[in-house]
Amino acid sequence: MKTSGVIVRFLSLLDVALILLGILLLALTQSTMSIEQEKNVAGSSDNMSPIDQLNVVYLYAGWKGDEKGKCYLLGADMKIEREISTTSKDDILSTIEKHEDENRPSTLLILLFDSNGWFDSWPDDKIKKLEDAWGIRVTPLYNVSIVP
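Residues numbered from 1 in each chain as written. Predicted model: local features only at pLDDT ≥ 70, side-chain atom pairs only at ≥ 80, totals over all residues. Heavy atoms only, no water.

### Considering helix α3 (residues 124-134)
Now for step 1: The complete set of buried residues in α3 reads Ile127, Leu130, Glu131 and Trp134. Buried residues of α3, seen end-on, are gathered within an arc of 100° and therefore sit on one face of the element. Of the exposed residues in α3, the ones pointing more than 90 degrees away from its buried face are Lys129 and Asp132.
Now for step 2: Where α3 is buried, its residues contact β1 (54-61), β2 (71-74), β3 (80-84), α2 (89-99), β4 (106-114) and β5 (138-144).
Now for step 3: Phi turns positive one or two residues past the end of α3, at Gly135, with a value near 75°. (Buried < 20%, exposed > 50% of the residue type's maximum accessible area, 1.4 Å probe, protein only. Helix = DSSP H or I, 4+ residues; strand = E, 2+ residues; numbered from the N terminus. Arc of directions from axis to C-beta. Contact = heavy atoms within 4.5 Å.)

### What about the packing of aromatic side chains?
The geometry of an aromatic ring pair comes down to the distance between the two centres and the angle between the two planes.
Now for step 1: Evaluated as defined, the whole model comprises 3 aromatic pairs.
Now for step 2: Taking the centre distance of 6.1 Å and the plane angle of 80° together, the rings of Phe113 and Trp122 count as edge-to-face. Across the pair, exposure class does not vary: Phe113 and Trp122 are buried alike.
Now for step 3: Taking 4.5 Å as the distance between ring centres and 15° as the angle between the ring planes, the aromatic pair formed by Phe113 and Tyr142 counts as stacked. Of the two residues, Phe113 sits in strand β4 while Tyr142 sits in strand β5, which places them 29 residues apart along the sequence.
Now for step 4: When its relative accessible area of 1% is taken as the criterion, Phe113 is described as buried.
Now for step 5: Look at Tyr142 and you get partly exposed, because its relative accessible area is 36%.
Now for step 6: Through a chain of ring-to-ring contacts, three or more aromatic side chains come together here, namely Phe113, Trp122 and Tyr142.
Now for step 7: When the ring centre of Trp122 is taken as origin, the NZ or CZ atom of Lys126, which lies over that ring, is 4.6 Å away. (Phe/Tyr/Trp six-rings, centres within 6.5 Å; stacked < 30°, edge-to-face > 60°. Lys NZ or Arg CZ within 6 Å of the ring centre and 35° of its normal.)

### Brief notes about the sheet that holds β1
Now for step 1: Ordered in space as β3-β2-β1-β4-β5, the 5 strands form an open sheet in which the pairing is mixed. Each edge of the sheet is formed by a strand with only one pairing partner; in this case those strands are β3 and β5. Adjacent strand axes in the sheet meet at a mean angle of 35° when their direction is disregarded.
Now for step 2: Strand direction decides the pairing type here: β1 and β2, joined by 3 bridges, are antiparallel. Bridge pairing in β2 links Ala61 to Cys71.
Now for step 3: Contacts between α2 and the sheet are confined to β1, β2, β3 and β4, with β3 contributing the most and set at about 145° to the helix.
Now for step 4: Contacts between α3 and the sheet are confined to β1, β2, β3, β4 and β5, with β5 contributing the most and set at about 140° to the helix. (Pairing = 2+ DSSP bridges. Axes fitted to C-alpha atoms, helices over the stretch in contact; angles between N-to-C directions.)

### Here we look at the environment of Cys71
Now for step 1: Along the chain, Cys71 falls in strand β2.
Now for step 2: Given the relative accessible area of 0%, Cys71 is considered buried.
Now for step 3: In this structure, the C-alpha to C-alpha distance between Cys71 and Tyr60, residues 11 residues apart in sequence, is 5.6 Å.
Now for step 4: The residues touching Cys71, leaving out its near neighbours within four places in the chain, are Leu59, Tyr60, Arg82, Glu83, Ile84, Thr86, Leu111, Trp122 and Trp134.

The following block contains the structure:
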């Protein structure tokens, strides 16, 4: 058999191989484009859950001894960092600015009340006066186990 006969026999197989290769390239291109699109959608801040958009600042409501009626900033380890003024908003605003994150546009202040505490030093009208002085809404959370 001549070489030209051998080449003619394998031309039909070559066509099939090229068609399969083309289909494979199209499938790979499509999957790559869909992965990039998913990354763009996941990175968008519009699709963040409401919890991911919150910048939470934890405050401790003092209830005994020298702490009674005072408000304290809690750190990442939930330990008292420093006292926050309850009469002016300058102190709380500077604290919020330090905790701000560009990916988290909304700030939530949570005032934690110890589960062992007596809440007579923090009546509802005192929390309302605190909100008025700070100009920010405060969310009280009761019965939290805090080790100062």
